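# Understanding the architecture of this molecule
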Amino acid sequence: MSEPVSRVAPTVGATGPAPRAASGRMLVSAVLLLAAGVAVPWLVGSQLMLTLMTQAVIYAILATAIGFLIRQNGLTSFGHAAFFGLAVYLLALNGKFDLVPAEVAVLAAIALPAALAFAAGLVIVRLPPLAFSMITLAVAQSLHELMLRWRELANGDDGMPVRLPSTLFGFGVELFQSPSTMFVVCWCALVLVVLALAALSRSHFGVLTVAIRENEERARYIGYQTLVPRAVVFAISGAIGGLAGVLFALYNAFATPGALHWSLSGEALIMAVIGGAKAVWGPPLGAMVFFVVKDAVGDLTEHWPAIIGATLIVVTVMLPHGLSGLVERIVRRLKDNRP
Amino acid sequence: MIQIVNGLVYGSFLYVLAVGLVLIFGLRRVTNFAHGGFFMVGAYVSYAAAVHLGFWTGMVVSVAALALFGVLLDRFVFRPLSKEEPIVTLLVTFGLLFVLEDLVRTIWGKDFISVAAPDALAGSVMLFGSQFPVYRLFVIGVAVIVALGLALWLRATRVGLYVRASSVDPVTTGMQGVDTDRLSAFVVAIGTGLAGLSGTIAGPLMALSPSMGGYIIIDCFIVVVTGGLTSFTGAFVAALVIGQFHNLGLVYLPEVASVIPLLIMVLVLGLRPQGLAGTGK
Amino acid sequence: MNGSKRVLLSIASAVSLALALPGAAGAAKEPLKIGVPTALTGTYSALGDEAKRAVEFAVNEANAAGGADGRKVEVRFLDTEAKPELARQQAEKLALEGFNIMTATIASGEVLAIGPMLNRWNAMFVATINKANDITGKQCQARLFRVNRPDNSDAAVVQPWLKTRKEAKWAIVAADIAWGRNSGESFKAAAGATGKSVVSENYPPFGSNDYAAHIRKVLDSGAEGVWVALAGRDAITFARQAKQFGLFEKVTTGGVSFTTDGTVKVLGDVVKGIHTIVNYSATLDTPANKKFVADWAKAYPGEAPINFQGETYIGMQIILQAVKRSGSVKPADVAKAISGGTFETILGTQVMRKADNQLIGPNFFGLVEEAGGKLQPVIKMTVPAELATPVPDGSCKL
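Residues numbered from 1 in each chain as written. Chains lettered and ligands numbered in written order. Predicted model: local features only at pLDDT ≥ 70, side-chain atom pairs only at ≥ 80, totals over all residues. Heavy atoms only, no water.

To continue, consider the overall build of chain C. In terms of helices and strands, chain C carries 15 helices and 14 strands. Relative to the 2.2 N^0.38 estimate, which gives 21 Å for 398 residues, the radius of gyration of chain C is 24 Å and therefore close to what a compact globule would have. Taking the principal axes of the C-alpha coordinates as reference, chain C spans close to 95 × 45 × 35 Å. Out of the 398 residues belonging to chain C, those deemed buried represent 63%. (Helix = DSSP H or I, 4+ residues; strand = E, 2+ residues; numbered from the N terminus. Rg over C-alpha atoms; globule rule 2.2 N^0.38 Å. Buried < 20%, exposed > 50% of the residue type's maximum accessible area, 1.4 Å probe, protein only.)

Rendered as structure tokens:
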């Protein structure tokens, strides 16, 4: 691990301004975005808009998790609902059985998916990509079946409420249940997650994992450990999925096996790819756009599947690098056109 | 005993559907999430045709229509997208699935449809001392014919040779002068045609609905992946094994029966990541 | 405030009131806005469609008669795909858009997810299809009502029916979901109480494609009767396959949600002679129901309302009567008028029990046979309301 980063840098993504300036820009963007998010509830009066945006942001976080895995490991998870739903059920079950304080449960709901992802990752990240994907699907579906059948534990398909205490981390629980405040919470979580992942992807670790993604053998021959970094990426991806599940559970206060179903994993995957996994901020953008468009079309007609499906086809064909690819192209063109 | 035969029936049905997916993946390297949708369209087309023309004509119409659809699909979706990342085509097939479901729902409505077996197959025979529907034996028969047909075609014809070569190494095969595009169209057509066939067979077994694809697509993928994505023999073996153990699970271990296919897949992938008969790419 | 000022104030208010009154009488009343978050696509879309038609029928009928208490009735449908997470999202949208009197959702899980939110959204919900006991039990809410027969009501009518049956050995085939398991358990209890034995229990997964294993087990078990708790797609798939194995010829078959008006329409002769719990039937002989069926046939020629549609219509009847009684369309007022109220429905006079917001009503058992030239479940046994709607078990704390 003592080799200089530059040996593996050339094959990795964007070369740009010096690292210092780039991270400075990142921080500024993050601060601006955070400020914008805090301002939104004042600017947007409609509770309806705010609740939709809150839910869009929660899915954006899940999509970010999936996108990060694609970007750093080149692996596609067909079962990310496992982490999401696991977190939801952990909170629900803790609410029912009162095992630990809710704050501990929240942290556990992020840590446990991460731990499981790491352990499983040590085994499965070595597999060919499609085998990996199918196993993630299998694990998530098995969890779904478990929660569906184990009625005494979690009430099966009828679902169970998530009981929360009156305060959480010192805040009143209404903070997490009123659209205007919960939007700010979720938005801040999203921005911080994206910031952290962006920083991570520029770090030695991030560059290393991309190098492993591109050519695992070469990285190994150079002398790097290739298994643990990949498992760590999977763990981080699992943790973020768990975070999305936590926010979902706090806001919706209800757990059903649907939170573990492959259709949720599939939708989140679509969101991530539409946004474009090349950029860390691509998947959340894709998620929010997809969510808003699906909602708007659903408002208009019950034939929304045909419209959404057709749109998905067109967008994917025209923008293989997703929306973030499009944005980057536009930005680059604007830069090139600058006098 | 009779339960073994029951397992054979479900496995046979899965095989006919799964092998279509194998054909498509083998040549175009595409994870086709819309395959369940093709299955569903095949069921509806054969039902619609059968209402006026009878079951057998309905079957032919369905297979032909789906095969034609496959040609178009290959030409306008798989071929142009073959240069992109596979995830792009995957997403397109998702979109296609949405569209197909809505289209069928609009044309044929939301109500379930149940199809009776054709008169020739409507009876039952005594098998191991109990009454067994002829139709289920028919399903096994179809799978056997498809398996034999494919095996013969692949091994005994020139086109079959090209297909086998292409599924092992598409680049080299192309370099050898094989028109891989025309070949792909042909093979994808057979793949979708088989989806149409399995949809037709499904009619007298299960309820038709626009979302019926969702009920078998996971099992279908499990069969394909377990068998080794590009192997026809692998798919055959996997389908029969999974069908059998799933059914035995229903009889003896009902609590876990629904995850048995998943477990088998994980086990196989764990021991042999390229699947039972996969070639490792 | 001193005396003269007070007098001045009273005169002023009296004058302004007098001026305002004619204006108030002339101003248009606020419309009644009904929100329907239901399955318009996906696995349950057939049922969602049935519910939609029933609501539309009731809304059109009300508007044609001058509206609900003089108010125009508006309705808005949003797709939940029968997914509880989506149902919550869509219900919130409907509530915030003003369609805050909601009804006709398909899956119990959806209603249970929506229930706790009703206060937060200033909305109310009338369940017309959902069977989970918890809706009026452990998870009851002040603004959540149910008009249809819940699981425990279906359970209560199995015993009287089973007592009339000669078959001694029974098998169970029930979907491995909450509802199916509940039905299986209550059948077992009823069997025990009537001296029958259960020789085979089968709980195939929801969405199974092949029931051969279970059919075989039932046939091998020596059962003389089989109780089937499968619905929708499962019911149709099972019936078709069971027919091929000759199950219905060999074994007496009874069930719940298995041979409803809907599935009988799809399967036809395949399910002739099967016994079934009937929550509502167009063949019910009350004057109000006959009128309803006749009006329905006018609106949808050649059709008779099926079970979910009858129950959803009852829900709409209650909403409309409550709106009139309370003189308001605010969910809090309407909910107050519904709770503990007595209503005239197509099943007669019914009371919405105050203790748990469950509508008290009769339940029925029927047989699939020809009636009026059509194959349908025909009612053979009526279980009166006192027996058919069990008393609250105390789990609901309203």
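Here the narrative resumes, following the displayed structure.
So, on to the sheet that holds strand 14 (residues 374-383) of chain C. Residues and elements named next belong to chain C. Within the open sheet, the seven strands sit side by side as 7-6-8-9-10-13-14. Their pairing is mixed. Of all the strands in the sheet, just strand 7 (197-202) and strand 14 have a single pairing partner and so form its edges. Between one strand axis and the next, the sheet turns by 25° as a mean value, whatever way the strands run. The sheet strands contacting helix 8 (residues 212-220) are strand 6 (169-174), strand 7 and strand 8 (225-229), and the helix crosses strand 7 at an angle near 165°. (Pairing = 2+ DSSP bridges. Axes fitted to C-alpha atoms, helices over the stretch in contact; angles between N-to-C directions. Contact = heavy atoms within 4.5 Å.)

Many descriptions give the size of an interface as the accessible area lost when the pieces come together. Across the contact, 30 residues belong to chain C and 31 residues belong to chain B. Together, the buried faces of chain C and chain B total about 3,000 Å²; carbon and sulfur atoms form 51% of this surface. Remark: the boundary between chain C and chain B carries four salt bridges. Note that Arg136(B) is salt-bridged to Asp210(C), the shortest N-O span being 2.9 Å. There are 13 residue pairs in polar contact (both at pLDDT 80 or more) connecting chain C and chain B. Counting residues per element, the ones that place at least two in the side of chain C that touches chain B are helix 2 (45-64), helix 8, helix 9 (232-244) and helix 11 (261-267) of chain C. At seven residues, the largest contribution of residues to the side of chain C that touches chain B is made by helix 9 of chain C. When its residues are assigned to classes, the side of chain C that touches chain B shows nine nonpolar, 12 polar and nine charged. (Buried area = accessible area lost by both parts, 1.4 Å probe. Salt bridge = Lys/Arg side-chain N within 4 Å of Asp/Glu carboxyl O. Polar contact = N/O pair within 3.5 Å; in protein donor to acceptor, adjacent residues only side chain to side chain. Nonpolar A, V, L, I, M, F, W, Y, C, P; charged D, E, K, R; others polar.)

Among the nonpolar cores identified, the biggest contains 246 residues, and Tyr15(B) and Phe238(C) are the most heavily contacted of them. Of the residues forming this core, the biggest block, 17 residues, is contributed by helix 1 (residues 2-28) of chain B. Not counting the four nearest positions on each side in its chain, Tyr15(B) is found in contact with Ala143(B), Val146(B), Ala147(B), Leu150(B), Phe232(B), Ala235(B), Phe236(B) and Ala239(B). (Core = buried A, V, L, I, M, F, W, Y, C linked by side-chain atoms within 4.5 Å.)

So, about the side chain of Arg149(C). Residues and elements named next belong to chain C. One can find Arg-149 in the loop between strand 5 (144-146) and helix 6 (151-163). Nearest to the buried, unbridged Arg-149 among oppositely charged side chains is Glu-311, at 5.1 Å. Of the polar contacts made by the side chain of Arg-149, one reaches the backbone oxygen of Val-147; its length is 3.2 Å. When neighbours within four sequence positions are excluded, Arg-149 is seen to be in contact with Lys-131, Asp-154, Asn-279, Glu-311, Gln-350, Gln-358, Leu-359, Ile-360, Gly-361, Pro-362, Asn-363 and Thr-389. (Lys, Arg positive; Asp, Glu negative; His and termini not counted.)

Next up on the list: the pattern of salt bridges. Tallied over the entire structure, the rule returns 37 salt bridges over all chains. Arg105(B) serves as the salt-bridge partner of Glu101(B), at 4.0 Å between the closest nitrogen and oxygen. Within this pair, Glu101(B) and its partner Arg105(B) are both found in helix 4 (residues 86-108), separated by four residues, close to a single helical turn. Residue classification places Arg105(B) among the buried residues on the basis of a relative accessible area of 6%. In this structure, the salt-bridge partner of Glu56(C) is Lys52(C), at a minimum N-O distance of 3.7 Å. Placement of the pair is Glu56(C) and Lys52(C) together in helix 2, with a separation of four residues, close to one helical turn. For Lys52(C), a relative accessible area of 17% puts it in the buried group. A single network of salt bridges, built from pairs that share partners, joins Glu145(A), Arg149(A), Arg151(A), Glu255(B), Asp176(C) and Arg181(C).

Another point: helix 12 (residues 287-299) of chain C. Residue and element names in this part refer to chain C. Taking 1.5 Å of rise per residue, 13 residues should cover 18 Å, and helix 12 covers 19 Å from first to last C-alpha, within 8% of that figure. Listed in full, the buried residues belonging to helix 12 are Asn-289, Phe-292, Val-293, Asp-295 and Trp-296. Along helix 12, the residues classed as buried sweep out an arc of 165° about the axis, all on the same side. In helix 12, those exposed residues whose orientation departs by more than 90 degrees from the buried face are Pro-287, Lys-291 and Lys-298. On its buried face, helix 12 is in contact with helix 2 and helix 13 (307-326). (Expected span 1.5 Å × (residues − 1). Arc of directions from axis to C-beta.)

A few words now on the interface of chain C and chain A. Contact residues are listed per partner, giving 32 residues for chain C and 31 residues for chain A. For the pair chain C and chain A, the summed buried surface comes to about 2,600 Å²; carbon and sulfur atoms form 48% of the total. Summed over the three residues of chain C that lose the most area to chain A, namely Glu85(C), Gln89(C) and Lys93(C), the buried surface amounts to 21% of that side. Between chain C and chain A we count seven salt bridges in total. Linking chain C to chain A there are 12 residue pairs in polar contact (both at pLDDT 80 or more). Of all elements in the fold, only strand 2 (73-79), helix 3 (84-96), helix 4 (108-114) and helix 7 (178-193) of chain C reach the threshold of two or more residues within the side of chain C that touches chain A. Here the side of chain C that touches chain A takes nine residues from helix 3 of chain C, the largest share from any one element.

Attention now goes to the environment of Ala140(A). Looking at the secondary structure, you find Ala140(A) in helix 5 (residues 129-149). Considering only alpha carbons, one finds Ala140(A) and Gly85(A), 55 residues apart in sequence, at a separation of 8.9 Å.

Once that is clear, we can look at the sheet that holds strand 2 of chain C. Residues and elements named next belong to chain C. With parallel pairing, five strands are arranged side by side in an open sheet as 2-1-3-4-5. Lying at the two open borders of the sheet, with one neighbouring strand each, are strand 2 and strand 5. On average, adjacent strands in this sheet sit at an angle of 25° to one another, irrespective of strand direction. Note: strand 1 (residues 32-38) against strand 3 (residues 101-103), two bridges, orientation parallel. The residue bridging Ile-34 from the neighbouring strand is Ile-101, located in strand 3.

Another point: the confidence of the model for chain B. On average, chain B scores 90 in pLDDT, and the residues at 70 or more come to 99%. Mean pLDDT across the elements of chain B bottoms out in helix 7 (residues 170-175) of chain B (77) and peaks in helix 2 (residues 35-53) of chain B (96). (pLDDT = per-residue confidence, 0-100.)

One non-glycine residue, Phe169(A), adopts positive backbone phi at about 50°. Turning to its location among the elements, Phe169(A) is positioned in the loop between strand 2 (167-168) and strand 3 (171-172). In this structure, Ser257(C) takes a positive phi of about 65° despite not being glycine. If you trace the backbone, Ser257(C) turns up in the loop between strand 9 (252-255) and helix 11.

With that settled, the discussion passes to the packing of aromatic side chains. Two aromatic rings, taken as a pair, are described by how far apart their centres are and by the angle between their planes. As enumerated under the stated definition, the model contains 37 aromatic pairs over all chains in all. Ring geometry for Trp304(A) against Phe98(B): centres 6.4 Å apart, planes inclined by 55°, an arrangement best described as tilted. Taken as a pair, Trp304(A) in helix 13 (residues 304-318) and Phe98(B) in helix 4 lie in two separate chains rather than in one. Judged by centre distance (6.4 Å) and plane angle (65°), the rings of Tyr280(C) and Phe292(C) are edge-to-face. A residue pair is termed long-range when its members are at least 10 positions apart, and Tyr280(C) in the loop between strand 10 (275-278) and helix 12 and Phe292(C) in helix 12 qualify at 12 residues. The exposure classification of Tyr280(C) matches that of Phe292(C), with both residues buried. Three or more aromatic residues joined by ring pairs make a cluster, and in this case those are Phe57(C), Tyr280(C), Phe292(C), Trp296(C), Tyr300(C) and Tyr313(C). Lying over the aromatic face of Phe77(C), Lys52(C) brings its terminal NZ or CZ to 5.2 Å of the ring centre. Its end group placed over the ring of Tyr215(B), Arg233(C) keeps NZ or CZ at 3.8 Å from the ring centre. (Phe/Tyr/Trp six-rings, centres within 6.5 Å; stacked < 30°, edge-to-face > 60°. Lys NZ or Arg CZ within 6 Å of the ring centre and 35° of its normal.)

Right, let's get into the pairing of strand 7 of chain C. All names here are of chain C. Alignment of strand 6 against strand 7, held across five bridges, turns out to be parallel. The residue bridging Trp-170 from the neighbouring strand is Val-198, located in strand 7. Crossover connection from strand 6 via helix 7 to parallel strand 7: handedness right-handed. (Right-handed = clockwise from strand over helix to strand, strands pointing away.)

Quick look at a positive patch on the surface now. A cluster of basic residues, Arg25(A), Arg202(A), Arg329(A), Arg332(A), Arg333(A), Lys335(A) and Arg338(A), forms a positive patch on the protein surface. Of all the elements, helix 14 (residues 322-337) of chain A adds the most residues to the positive patch, at four residues. (Patch = residues over 30% accessible without salt bridge, like charges linked within 9 Å, V, L, I, M, F, W, Y side chains within 5 Å. Areas by Shrake-Rupley, 256 points an atom, 1.4 Å probe, with all protein chains shown as cover. Charge placed at Lys NZ, Arg CZ, Asp CG, Glu CD.)

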